Amino acid sequence: MSSFFYRQLAKASKNGSVRPGSTITVKVDLALAHDGTGPEIIDIFNKNGLSVAQNSRVIITLDHCFPAPTIADRQFQKDIQNFARVNNIHLYKNGEGVLHQVVAEDESLWPGMIIVGADGHVATAGAFGAIAFSVQPASFVHAVCEGAYQLSVPEQIVISLEGVLHAHVMARDVALYLIHHFGEQIEDKAVVLTGSTIDTMNISEKMTLCNLLPESSVRTVLVLPQGEQEQADISVDTQEIQPMMALPSTPMKIVRPSQQSDQEISVAIAGGCSSGRLDDMKIIADVLSKNEVHQDVTFIITPGSRSIMGSMDRMDLSSILRNSGAVIMPPGCGPCPGRHLGILSEDDVAITTTPRNSPGRIGSPGAKIYLASPLTVALSAVHGQITEPTEMM
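A brief look at the structure comes next. Since we're looking at a predicted model, the values are computed, not measured. (Residues numbered from 1 in each chain as written. Predicted model: local features only at pLDDT ≥ 70, side-chain atom pairs only at ≥ 80, totals over all residues. Heavy atoms only, no water.)

**As for the overall build of the protein**
Defined as follows: Counting from the N terminus, the helices are DSSP H or I runs at least four residues long and the strands are E runs at least two residues long. The globule rule used for comparison is 2.2 Å times the number of residues to the exponent 0.38, while the radius of gyration itself is calculated over C-alpha atoms. Under the scheme applied here, a residue whose accessible area is under 20% of the maximum for its type counts as buried, over 50% as exposed, and between as partly exposed, the area being computed with a 1.4 Å probe on protein chains only. Any two residues whose heavy atoms approach within 4.5 Å at even a single point are treated as in contact. All accessible-area figures derive from a Shrake-Rupley calculation using a 1.4 Å probe, and residue coverage is judged against the displayed protein chains alone.
A count of helical and extended segments in the protein gives 13 helices and 18 strands. Relative to its length of 393 residues, the protein is compact, with a C-alpha radius of gyration of 20 Å against a globular reference of 21 Å. With the principal axes as the frame, the protein shows a C-alpha extent of 60 × 50 × 40 Å. Counting the 393 residues in the protein, one finds 59% classified as buried. Across the protein, contacts joining residues at least 24 apart in sequence account for 75% of those joining residues at least 6 apart. A total accessible area of about 15800 Å² is found for the protein, and carbon and sulfur atoms account for 45% of it.

Below, the structure is given as structure tokens:
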């Protein structure tokens, strides 16, 4: 097949061509993991006396539980430092930020490179045209020990996004719109994004799209590299897209925020791997420069990386956020994994930019979690209830 996606898999597997459903083994260019899946990975290595292949490039971050919230987490951090040293693994261990953002900032990512990662959102690298597959810890261990990954080739589906987005519509809204309208069609597929809307998006927006779409159970997501052309399977007029929001329990139940405008909130969360980039911080700071956080709301903001936090400080965004009543966390995942830095209680109602809102994701299974864009989250934090952005804002 002549498409970019299949060509790259054929190249990585040294096959002349590949077809959906065929089983291939591809050379892995980069393997990613973090302290969320790290304990299981190390356990597999230790129990089986394994070692990382010399040609494997492996990166692990401490981002889910840093600084350590428990004694066990701290002990793991010490263990993984030794593990990384022995196996020549690049370990980010001093609060550099969340895995996917740090990789985007520090690594060379190129169109067609093959990435495997023990995390559900490694397709964030698809913003650069990389082909990234999420794998379980056991498959991750096999891949880094062999330097290769065996997979069944998924069918690709090309989505063309055409038009100019409204000023109050963000990339998160586009992703939620696609999940809402085409979730069943893209499930278990490799989603290839193209079109004039994509062409005008910056890398932060592309990363946001590729980060959230895996929540619809796609195999991977990537932006079609410049110069490549594909026939669209789905065409979307993005001028029709308005702010979107996922209801508690699953991102598949998606509505307009205005449909829940009477819902009061107690917590707002922004940042992390999905919406913790500088562009997102600017949007939030713009809202909070004119308004204070509602007295009944805790607004938690987590920059995606140390570099982003540094830019926030230099641009005076940090002081704007703090002075308005928001709380800034260390760079990383923040409360998203539900381990520390702002977990929810039974009766909390939260609106967040996190990628997942399954029960218990950020603490108590009884808490309600709505997913929305950074703009919707910031406005809701100010008003104390779910608030939809409008064209006039």
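**A closer look at the packing of aromatic side chains**
What describes a pair of aromatic rings is the distance from one ring centre to the other and the angle between the planes of the rings. We apply this condition: Under the pairing criterion, centres of Phe, Tyr and Trp rings, with the six-membered ring standing for Trp, must be within 6.5 Å; the plane angle then separates stacked pairs below 30 degrees from edge-to-face pairs above 60, leaving the rest tilted.
For the structure shown, the criterion picks out three aromatic pairs. Pairing Phe 133 with Tyr 149 gives two aromatic rings, centres 5.9 Å apart and planes at 40°, and the pair type is tilted. In this pair, Phe 133 sits in strand β6 (residues 131–134) while Tyr 149 sits in strand β7 (residues 148–152), placing the two residues 16 residues apart along the sequence. The class of Phe 133 is buried, set by a relative accessible area of 2%. By relative accessible area, Tyr 149 is classed as buried at 13%.

**A few points about the environment of Thr 390**
As for its position among the elements, Thr 390 is in the segment after α13 (374–383). Once the C-alpha coordinates of Thr 390 and Gln 259 are considered, the two residues, 131 residues apart in sequence, prove to be 14 Å apart.

**A word on the layout of surface pockets**
Put simply, the test is: Site definitions follow a grid-based scheme: protein atoms alone, a 1 Å grid, a 1.4 Å probe that fits but cannot get out for cavities, and for pockets an open set with protein on both sides within 12 Å along at least five of seven lines, plus lining residues having an atom within 4 Å of a point. Grid points are joined across faces, edges and corners, and a volume is the space filled by probe spheres set on the points. Classification convention: Asp, Glu, Lys, Arg as charged; Ala, Val, Leu, Ile, Met, Phe, Trp, Tyr, Cys, Pro as nonpolar; all other residues, Gly among them, as polar.
The calculated volume of the largest pocket comes to roughly 460 Å³. Every residue lining the largest pocket is counted, 25 residues in all, and those nearest its centre are Ala 167, His 168, Met 170, Ile 283 and Leu 375. When residues of the lining of the largest pocket are traced back to their parent elements, those giving at least two are α6 (171–186), α8 (203–212), α10 (278–288) and α13. Residue contributions to the lining of the largest pocket peak at five residues, all from α10. Classifying every residue of the lining of the largest pocket by side-chain character gives ten nonpolar, eight polar and seven charged. Estimates place the volume of the second largest pocket at around 340 Å³. Residue lining of the second largest pocket: 27 residues in total, with His 34, His 64, Asp 119, His 121 and Arg 361 positioned closest to the centre. When contributions to the lining of the second largest pocket are tallied by element, the ones reaching two or more residues are α4 (99–106) and α9 (272–275). In terms of residue count, α9 provides more of the lining of the second largest pocket than any other element does, three residues in total. The residue inventory of the lining of the second largest pocket, partitioned by class, reads ten nonpolar, 13 polar and four charged.

**Things to note about the nonpolar core**
Defined as follows: Definition of nonpolar core: a set of buried residues of the types Ala, Val, Leu, Ile, Met, Phe, Trp, Tyr and Cys, connected through side-chain atoms within 4.5 Å.
Core analysis: the biggest nonpolar cluster contains 46 residues, and Leu 9, Val 26, Phe 45, Val 58, Ile 80, Phe 140 and Tyr 149 have the highest contact counts within it. Top element by residues in this core is helix α1 (residues 4–13). It accounts for six residues. Residues contacting Ile 80, with those up to four places away along its chain left out, are Ile 42, Ile 60, Leu 62 and Leu 91.

**Examining the pairing of strand β2 (residues 30–34)**
Counted only if it meets this: Criterion used throughout: strands pair if DSSP finds at least two bridges between them.
Counting buried positions along β2 gives five out of five residues, so the element sits mostly inside the fold. Side-chain alternation along β2 places Leu 30, Leu 32 and His 34 on one buried face and Ala 31 and Ala 33 on a second face that is also buried. Where β2 lies against strand β5 (residues 114–117), three bridges are found, and the strand directions are parallel. Looking at β5, one finds that Leu 32 is bridged to Gly 117. Sheet topology places β2 next to strand β3 (residues 58–61); four bridges connect them, and they run parallel. Bridged to His 34 within β3 is Thr 61.

**A closer look at the environment of Gln 101**
Selection criterion: Whenever two N or O atoms come within 3.5 Å, that pair is a polar contact, provided that in protein one can donate a hydrogen and the other can accept it, and provided that, for residues adjacent in sequence, both atoms are side-chain atoms.
Within the fold, Gln 101 resides in helix α4. By relative accessible area, which is 7% here, Gln 101 ends up buried. On a C-alpha basis, the gap between Gln 101 and Ala 285 in space is 20 Å, while along the polypeptide they are 184 residues apart. Those residues in contact with Gln 101 that sit more than four places away from it in its chain are Met 207, Arg 277, Gly 304, Ser 305 and Ile 308. At a separation of 3.1 Å, a polar atom in the side chain of Gln 101 contacts the side chain of Arg 277.

**Looking at unusual backbone geometry**
A cis amide bond, omega -5°, links Phe 66 with the succeeding residue Pro 67. With respect to the helices and strands, Pro 67 occurs in the loop between β3 and α3 (71–86). Despite not being glycine, Ser 217 has its phi angle at roughly 65°, a positive value. Within the element layout of this structure, Ser 217 appears in the loop between α8 and β10 (220–223).

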